[in-house]
Amino acid sequence: QVQVAESGGGSVQAGDSLRLSCAFYGRTFSLYVMGWFRQAPGKERELVAEITPGGSTYDADSVKGRFTLSRDHANNMVYLQMNSLKPEDTAIYYCAAKPMSTSIYDYWGQGTQVTVSS
């Protein structure tokens, strides 16, 4: 059974940086696409970024040029480096995994809060 677990959230000022980490357990990491989603109060959950096993990435327009997603196959980890944070980045951030053969994210972490103050 796949499990993912996020860490690294916190409260920062606008313009600061944070790095979120996601640990992957239970299956072969190199067979899964990894994604980060976020949900702000009163809003739908949205995809922030995702990365394939080969390292190809997708970034939402709202974070392009500020957030960088990477993965470490040796340690089964995914990292979301968030720079130039804005108050509108405030949300609960979730790590998720899906097998390469599917379009649905099946495995989700508990989420980690990111709060950006102006």
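First, a word on what this report is: a plain description of the structure on this page.

In this section: the overall build of the chain. For the chain, the helix and strand inventory stands at zero helices and 11 strands. Put simply, the chain runs from its N terminus to its C terminus through helices and strands in the order β-β-β-β-β-β-β-β-β-β-β. The C-alpha atoms of the chain give 13 Å as radius of gyration, which agrees with the globular expectation for 118 residues (13 Å, within 12%). With the C-alpha coordinates of the chain rotated into their principal frame, the extents come out at 40 × 25 × 25 Å. Among the 118 residues that make up the chain, the fraction classed as buried is 44%. The contacts of the chain with a sequence gap of at least 6 include a subset with a gap of at least 24, amounting to 55%. Surface exposure of the chain reaches about 6000 Å², of which carbon and sulfur atoms provide 46%. For the chain, the centre of its 10 positive side-chain charges and the centre of its 11 negative side-chain charges are spaced 2 Å apart.

What follows is about the nonpolar core. Grouped burial of nonpolar side chains is what soluble globular proteins tend to show. Residues M34, W36, L80, M82 and Y93 are the most contacted members of the largest nonpolar core, which totals 29 residues. When neighbours within four sequence positions are excluded, Y93 is seen to be in contact with E6, L20, W36, F37, R38, V48, F67, L80, M82, G111, T112 and V114. Listed in part, the five residues of the second largest apolar core include V33, F37, A96 and Y105.

What follows concerns the state of the cysteines. One way to say it: the disulfide is the covalent bond shared by the sulfur atoms of two cysteines. Under the counting rule described, the total for this entry stands at one disulfide. Here C22 engages in a disulfide with C95; their sulfurs sit 2.0 Å apart. Its torsion about the S-S bond being -80°, the disulfide of C22 and C95 is classed as left-handed. With C22 in strand β3 (residues 18–25) and C95 in strand β9 (residues 91–99), this pair connects stretches of sequence that are 73 residues apart. Comparing C22 with C95 shows no difference in burial state: the two are buried.

Take the pairing of strand β5 (residues 46–51) next. Relative to β5, strand β4 (residues 32–39) is paired through five bridges, and the arrangement is antiparallel. When the sheet's bridge partners are listed, G35 is paired in β5 with E50. Hairpin geometry of β4 and β5 is characterised by an intervening segment of six residues between the two adjacent antiparallel strands and by a positive phi of about 80° at G42. In this sheet, strand β6 (residues 57–59) lies alongside β5 in antiparallel orientation, the contact comprising three bridges. In the sheet register, I51 faces β6, and the bridge partner there is T57. Between the antiparallel neighbours β5 and β6 lie five residues, among them G55 with a positive phi of about 100°.

Our next topic: the side chain of R71. Tracing the backbone through its elements, the reader meets R71 in strand β7 (residues 67–72). It turns out R71 is buried and unbridged, and the closest side chain with the opposite charge, D72, is 8.7 Å from it. Polar contacts involving the side chain of R71 include one to the main-chain carbonyl oxygen of F29, which spans 2.9 Å. At 3.2 Å, the side chain of R71 and the backbone oxygen of I51 are in polar contact. Residues contacting R71, with those up to four places away along its chain left out, are F29, S30, Y32, V33, M34, I51, T52, P53, M77 and V78.

About the criteria used
Residues numbered from 1 in each chain as written. Predicted model: local features only at pLDDT ≥ 70, side-chain atom pairs only at ≥ 80, totals over all residues. Heavy atoms only, no water. Helix = DSSP H or I, 4+ residues; strand = E, 2+ residues; numbered from the N terminus. Rg over C-alpha atoms; globule rule 2.2 N^0.38 Å. Buried < 20%, exposed > 50% of the residue type's maximum accessible area, 1.4 Å probe, protein only. Contact = heavy atoms within 4.5 Å. Areas by Shrake-Rupley, 256 points an atom, 1.4 Å probe, with all protein chains shown as cover. Lys, Arg positive; Asp, Glu negative; His and termini not counted. Charge placed at Lys NZ, Arg CZ, Asp CG, Glu CD. Core = buried A, V, L, I, M, F, W, Y, C linked by side-chain atoms within 4.5 Å. Disulfide = S-S within 2.5 Å. Pairing = 2+ DSSP bridges. Salt bridge = Lys/Arg side-chain N within 4 Å of Asp/Glu carboxyl O. Polar contact = N/O pair within 3.5 Å; in protein donor to acceptor, adjacent residues only side chain to side chain.

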